[in-house]
Amino acid sequence: MELNKYQQELFDHQRPVIEKYDRRAWGWSIFYLLWIGLGGYALYLQVIKGHKITGMRDNVVWGLYIANFIFFIGISYAGAVISGILHILKVEWRKPIIRIAEMITVISTIIGPIFILLCIGRLDRLHHLFLYPRLQSPITWDVLAILTYFAGSVIFLYLALIKDFAIYRDANLKVPKWKQKMYKILAIGYKGTPSQKRHISISMNLMAIMIVPLAIIVHSVLSWIFGMTLRPGWHSTIFGPYFVLAAIYSGTGVLIMAMWVYRKMYKLNSYLQDKHFIYLGYIMMILGAAYGYFTFSEYLTGWYGSEKWDSEVIGKLFNPAEYGWWFLFANVAGIILPILIVAIPKTRTPNLIAIASFFMVLALWVKRYLIIVPTLESPLLPMQDTRPEFVKYSATWVEWALTFAGIATFFLFFTIMSKFVTIIPISEFADKEKKSEPVPEIQKEIATE
Amino acid sequence: MKKEEEISNKARRDFLKTTAIATIAATACGSLACSCSSKKANVGEKVKLLSPDGEIVEIDSSYLNHQEHMAIVSKLEAREGIAGKKFVMVVDLSRCKNARKCVAACQKWHYRTEDKEWLTVKLMKDSEEGAPYWFPKQCFHCDNPPCVKVCPVDATFKRQDGLVLIDNERCIGCKFCMAACPYSTRVFNWSEPELPFDIKHQQYSPETGIPGKVGTVEKCDFCPDRSREGLLPPCVEACPNGVFYFGDENEDTVSNGDETVSFSQLIKDRAAYRFQEELGTKPRVYYLPPKDRQFPVERGYENLPDNLKERFKDVMEESNLLEKK
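Nothing here was measured: the structure is a model prediction, and the numbers come from that model.

A. Main features of the overall build of chain A. A count of helices and strands for chain A gives 17 helices and 0 strands. Going through the 449 residues of chain A one by one, you find that 44% of them count as buried. Of all intrachain contacts in chain A linking residues separated by at least 6 positions in sequence, the fraction that spans at least 24 positions is 83%.

So this is what it looks like as structure tokens:
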């Protein structure tokens, strides 16, 4: 593979990263593995002793696991929607960030469903989902949608990687034989002939067009697990679009955070430029406003209509003694903060946008928890139960350990992936893209400030 | 009019006849099963029974061994239900004084520990000024069951006789049905259920619901195994005040053990309602409003053990029904 000057420069910059699993990577990997080990022990206990060792009981039948499930499927939208849409719209500045976005998608689509499995009482009967499937059940829709979505995301990521694999194959990297061999296999004989180029380009376009509706279906179906029930706070018609929007929003946040970390770690400032943060910041601000609008109309209608059951759930969200502070945090950090940070020119810097993203992602996790738990704590019939753990949910160390194990798995996969492929795609990088794109006037102003 | 009455009379006779035959057949099977295997001291009391060959035989009553929870039907039959039946329950709220005999009988029959109630009695209070009343609640066996809709593996199903049952050998434990049921009817086996040894190793049938299994969902099943034997569910039998009427909507008869009455007449005369009709689930359980009550509500509270008192304390306090200390 012939590389042009800029591609060569970019490749040389990233070369040491994929050539050596250095001490820092090992250190972090071991740290993540320790967390995963703790999670494994927790899972072992849960299988042996039953779900009794979790905080879930007959009223609150779902807890942290399902919140994590929604969260991870949500952040998977980074690749699917952000990079898919930017691809369709042929936005040039997307090129350095698509790899990170699509890696987030694939990795979180693996981790998300694991959390739903943790919530299932009989893991030994999982094959029943395929032996006795019932199409009426939203869970079956979910299984079909997520599997298709996962396959789609892997293909989308892989298509964008083929050219790079060919570059790694031909570059005589100082890597072990097995790795060399894998590059060779994965490059599937790509040589850069016009017909090969055309095929990849057509496939990429097709996948980009397919991945967007697929992603929308996945999160809509997921929201319908709640929307289809007759529970206050769940039985809402806007749940589909609300969840989809929240997912794209949190995906953007995670993408910004990942970019920030990689930029710091591998000194990629000249590729992951300030403009990338600012552009993604704009997208995040618009999504945040839309998400805020959905949140407002969802709770306003419930509160104004003040039906008995709705008021009970909303009352818990507004009551500082129950979930009031969490609800406030979810809305301030999840809606107001990111909008302000991006809207005010002074604060519109990569560092602050990354910090705002961090709090926003955290707030959206809290929001998922607030969707699940308060509703389940408000059954239509009075509980009249004397056992505190049946009345109020509080997650046990087992659930927390598995939650952190999930996050650690996410980071571990990311670390491993970034040692296998370059974080910034090389083949996509044509001459003109480096620093040549004129920054709009408004950006120049910001830069000088 | 007269003809109609005749039909309903005939139906009632048929019901009684089938009930009687079923009882005898079941007992005969039971007695035959044990007569060859065990030696017991005769007590001298003779019982007449119908043998499988159609002869009437007289045996000593000590040979009678009531076989509880025989898995008498196949899995397929348990999914289809009893042909021609449409089970229905009517709960007379004006007679309930929270004696909790129904709960005890249910727990005993299904080998349940105290903390897992299939049948619960709630203390309801519909409005701020309204009077509280006791509200026994089983599974409503809805005709439009939200739980059955959402099951991904067909582990919970609706039968032709109206019952909603669970196959706990199919259930994957996703708990979606528990989230979908608006009446908090379903319970989950959060750990391995504590059961006597012989019950634990008994053959499972969705009609008996035992033995329970860890990581699966279960709930009130209206005891179809007893219906097959022509018996009423234990909760109905155990109630000292005849609160529960159980029967067949097709035959238009319900019985609380003491009296057998016309189902349609009963719900017409007493203005029966279904709980939260507006949810559209179409329950198979009807409630007779707590009008002209036989017992003051305090009667169901005073003699409760402390841990149970705790459950209802809020409502009692709210209604100023607790004596001030």
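Let's pick the thread back up.
B. Fine view of the overall build of chain B. When you go through chain B residue by residue, the secondary structure sums to 11 helices and 13 strands. In chain B, buried positions account for 42% of the 325 residues. Across chain B, the fraction of contacts at a sequence separation of at least 24, relative to all contacts at a separation of at least 6, is 61%.

C. Expanded view of the interface of chain A and chain B. Taken together, the contact pairs 34 residues of chain A with 36 residues of chain B. Where the side of chain A that touches chain B is concerned, the elements lending two or more residues are helix H6 (128-131) and helix H7 (138-170) of chain A. The biggest single contributor to the side of chain A that touches chain B is H7(A), with 3 residues. Split into classes, the residues belonging to the side of chain A that touches chain B amount to 15 nonpolar, 11 polar and 8 charged.

D. Examining the environment of Phe226(A) more closely. Residue and element names in this part refer to chain A. Considering the arrangement of structural elements, one finds Phe226 in helix H9 (residues 194-227). Of the residues examined, Phe226 has 22 C-beta atoms within 10 Å and is grouped as buried. Considered as a pair, Phe226 and Leu328 are 102 residues apart in the sequence and their alpha carbons are 23 Å apart. Discounting chain neighbours no more than four positions away, the residues touching Phe226 are Trp234, Phe239 and Ile371.

E. Local environment of the sheet that holds strand S11 (residues 253-255) of chain B. Residues and elements named next belong to chain B. Reading across from one edge, S12-S11-S10-S3-S13 is the order of the 5 strands in this open sheet, with mixed pairing throughout. Each of the sheet's edge strands pairs with one partner strand only, and the pair in question is strand S12 (260-262) and strand S13 (285-288). This sheet shows a mean twist of 25° between the axes of neighbouring strands, independent of strand direction. Relative to S11, strand S10 (residues 244-248) runs antiparallel, the two sharing 3 bridges. Within S11, the position partnered with Asp248 by the bridge is Thr253.

F. The arrangement of the pairing of strand S4 (residues 120-124) of chain B in detail. All names here are of chain B. Counting buried positions over the 5 residues of S4 gives 4, a clear majority of the element. Bridge count between S4 and strand S5 (residues 133-137): 5 bridges; the pairing is antiparallel. Note that in S5 the partner of Lys122 across the bridge is Phe135.

G. Highlighting helix H13 (residues 324-343) of chain A. Residue and element names in this part refer to chain A. Spanning 20 residues, H13 covers 27 Å between terminal C-alpha atoms, matching the ideal 28 Å at 1.5 Å per step. At Ile336, H13 shows its largest bend, some 35°, and a proline, Pro338, comes one to four positions later. All buried positions along H13 are accounted for by Phe327, Ala330, Asn331, Ala333, Gly334, Ile335, Pro338, Ile341 and Val342. In the core, the buried residues of H13 are packed alongside helix H11 (274-305), helix H12 (308-318) and helix H14 (350-376).

H. Representation of the nonpolar core within the structure. Ranked by size, the top nonpolar core spans 199 residues in total, and within it Ile100(A), Ile104(A), Leu255(A) and Phe244(B) carry the most contacts. Here this core gets 16 residues from one element, more than from any other, and that element is helix H10 (residues 239-266) of chain A. Here Phe244(B) is in contact with Met89(B), Val91(B), Cys102(B), Cys235(B), Val236(B), Cys239(B) and Asn256(B), once residues within four sequence places are set aside.

I. Spotlight on the packing of H7(A) against helix H8 (residues 177-186) of chain A. All names here are of chain A. Contact geometry for H7 and H8: axes closest at 8 Å, N-to-C directions at 140°. The angle between H7 and H8 places the two elements in the oblique class. Regarding H7 and H8, the two cross each other, and that crossing is left-handed. Contact residues: Phe165, Tyr168 and Arg169 in H7; Tyr183, Lys184 and Leu186 in H8.

J. Examining helix H2 (residues 23-49) of chain A more closely. Residue and element names in this part refer to chain A. Here H2 contains 27 residues, and its C-alpha end-to-end distance of 39 Å stays within 8% of the 39 Å for a straight helix at 1.5 Å per residue. Buried within H2 are the following residues: Tyr32, Trp35, Gly39, Ala42 and Gln46. Buried residues in H2 make contact with helix H16 (397-418). Once H2 ends, the next one or two residues include Gly50, with phi positive near 90°.

K. Main features of unusual backbone geometry. A cis amide bond links Ile210(B) to the next residue, Pro211(B), at an omega of -5°. Along the chain, the position of Pro211(B) falls in the loop between helix H6 (197-200) and strand S9 (217-218). In this model, Lys267(A) sits at a positive phi of 50°, which is unusual for a non-glycine residue. With respect to the element layout, Lys267(A) can be found in the loop between H10 and H11. Judged by the 11 C-beta atoms lying within 10 Å of it, Lys267(A) falls in the exposed class. The phi angle at Gln276(B) is positive, at roughly 45°, despite the residue not being glycine. Tracing the chain through its elements places Gln276(B) in the loop between helix H9 (263-269) and S13. For Gln276(B), a count of 15 C-beta atoms within 10 Å corresponds to the partly exposed category.

L. Quick look at the packing of H9(A) against H10(A). Residue and element names in this part refer to chain A. Following both chains from N to C, one finds H9 and H10 inclined at 125°, their axes separated by 8 Å at the closest point. Viewed along their axes, H9 and H10 adopt a mutual orientation that is oblique. Both H9 and H10 take part in a crossing whose hand is right-handed. Taking contact as the criterion, the partners of Ile216, His219, Ser220, Leu222, Ser223, Trp224, Phe226 and Gly227 in H9 are, on H10, Phe239, Gly240, Tyr242, Phe243, Val244 and Ala247. Among the residues making up the contact of H9 with H10, the classes are represented as 9 nonpolar, 5 polar and no charged.

M. The environment of Val47(A), seen in detail. All names here are of chain A. With respect to the element layout, Val47 can be found in helix H2. Accessibility expressed as a C-beta count within 10 Å gives 13 for Val47, which makes it partly exposed. It is 8.5 Å that separates the C-alpha atoms of Val47 and Gly121, two residues lying 74 residues apart in sequence.

N. Local environment of the pairing of S5(B). The element S5(B) is largely enclosed, with a buried count of 5 among its 5 residues. On S5(B), burial covers both faces: Tyr133(B), Phe135(B) and Lys137(B) on one face and Trp134(B) and Pro136(B) on the other are all buried.

The rules we used
- Residues numbered from 1 in each chain as written.
- Chains lettered and ligands numbered in written order.
- Predicted model: local features only at pLDDT ≥ 70, side-chain atom pairs only at ≥ 80, totals over all residues.
- Helix = DSSP H or I, 4+ residues; strand = E, 2+ residues; numbered from the N terminus.
- Buried ≥ 20, exposed ≤ 12 C-beta atoms within 10 Å, placed from the backbone.
- Contact = placed C-beta atoms within 7 Å.
- Nonpolar A, V, L, I, M, F, W, Y, C, P; charged D, E, K, R; others polar.
- Pairing = 2+ DSSP bridges.
- Axes fitted to C-alpha atoms, helices over the stretch in contact; angles between N-to-C directions.
- Expected span 1.5 Å × (residues − 1).
- Bend = angle between axes of the 7 residues up to and from the residue.
- Core = buried A, V, L, I, M, F, W, Y, C linked by C-beta atoms within 7 Å.
- Parallel < 35°, antiparallel > 145°, perpendicular 65-115°, else oblique.
- Left-handed = near helix turned anticlockwise from the far one by under 90°.

Interpretation note: all reported values are geometric properties and have no functional meaning in isolation.
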